[in-house]
Amino acid sequence: MKALKLCCIALSSGLLVGVVAGAYMGTWIDGVLIWREMSAGTGYAELSNLQYDQADTEHARQALLGFTKFSQSMSKLHSAQRDKALLVDTGRAYLRLAAIEERAGNSSLSRQYVLNAQQSFRSMGRDIPEAELNKQVTKIASPAPPNSPPS
């Protein structure tokens, strides 16, 4: 009987230690994963912005589209749902895409990108009117367009 009691105490102690250690490690691992995902989003945003600034129009468009597709896939992850910076970067990428399309004369596609930007900003709790976003697109589109490819 004493051996059974000792086994029960040992098993209970082991379970308690396992639950506490597992909860701690789960929180730590989740924190590391969130940090890595946020770093990936930030890095990709920086890369797409650099390509927007330095590349020709078509490559700038492809870079921004690649980033928005990446951010959509990231937003489906539980750990990335708290990443407000990713939503801001995504909204800005959509505004840059709208400016590219505005310069190209594709006003309907430009409007769709403005609406996508508005939704991205709304997802983080900021409801920005479409008119205000259109002003931002005009401001972005007014400087010189991205570099043209060398002839």
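Small disclaimer: the values here were computed from a predicted structure and weren't measured.

Asker: Tell me about the confidence of the model for the protein chain, residues and numbers included.
Answerer: Close inspection of predicted coordinates is inappropriate in any region flagged by low pLDDT. Confidence in the prediction of the protein chain, expressed as mean pLDDT, is 77, and 67% of residues score 70 or more. For the protein chain, helix α1 (residues 2–54) is the element with the lowest average pLDDT, namely 65, and helix α4 (residues 107–123) is the one with the highest, namely 92.

Asker: Let's hear about the nonpolar core: which residues, and what values?
Answerer: Of all hydrophobic cores here, the largest spans 25 residues; its most connected members are Leu64, Leu95, Phe121, Leu133 and Val137. When residues of this core are traced back to their parent elements, those giving at least two are α1, α2 (57–75), α3 (84–104), α4 and α5 (130–141). A per-element tally of this core places α3 first, with ten residues. What Leu95 contacts, discounting residues up to four positions off in sequence, is Ala117, Phe121, Leu133, Gln136, Val137 and Ile140.

Asker: Could you give an account of the packing of aromatic side chains, naming the residues involved and the relevant values?
Answerer: Tallying each qualifying case throughout the model produces one aromatic pair. Geometrically, the ring pair formed by Tyr94 and Tyr113 is stacked, given 6.1 Å between the ring centres and 25 degrees between the ring planes. Of this pair, Tyr94 sits in helix α3 while Tyr113 sits in helix α4, and the two are 19 residues apart along the sequence. Each member of the pair, Tyr94 as well as Tyr113, carries the same accessibility label: buried.

Asker: Give a detailed account of the environment of Glu58, specifying residues and quantitative values.
Answerer: Positionally, Glu58 belongs in helix α2. The spatial distance from the C-alpha of Glu58 to the C-alpha of Ile100 is 9.1 Å, given a sequence separation of 42 residues. Side chain to side chain, Glu58 and Gln62 meet in a polar contact 2.8 Å long.

Asker: Describe the pattern of salt bridges, naming the residues involved and giving the relevant values.
Answerer: Between side chains of opposite charge, pairing is possible as soon as their charged atoms come close. Within the structure shown, the criterion is met by four salt bridges. A salt bridge links Glu58 to Arg61; its shortest N-O distance comes to 2.6 Å. Of this pair, Glu58 and Arg61 both sit in helix α2, three residues apart, which is roughly one turn of the helix. The buried category is assigned to Arg61, whose relative accessible area is 14%. Ionic contacts of the salt-bridge type, sharing partners, join the residues Glu58, Arg61 and Glu101 into one network.

Quick notes on the rules
Residues numbered from 1 in each chain as written. Predicted model: local features only at pLDDT ≥ 70, side-chain atom pairs only at ≥ 80, totals over all residues. Heavy atoms only, no water. pLDDT = per-residue confidence, 0-100. Helix = DSSP H or I, 4+ residues; strand = E, 2+ residues; numbered from the N terminus. Core = buried A, V, L, I, M, F, W, Y, C linked by side-chain atoms within 4.5 Å. Buried < 20%, exposed > 50% of the residue type's maximum accessible area, 1.4 Å probe, protein only. Contact = heavy atoms within 4.5 Å. Phe/Tyr/Trp six-rings, centres within 6.5 Å; stacked < 30°, edge-to-face > 60°. Polar contact = N/O pair within 3.5 Å; in protein donor to acceptor, adjacent residues only side chain to side chain. Salt bridge = Lys/Arg side-chain N within 4 Å of Asp/Glu carboxyl O.

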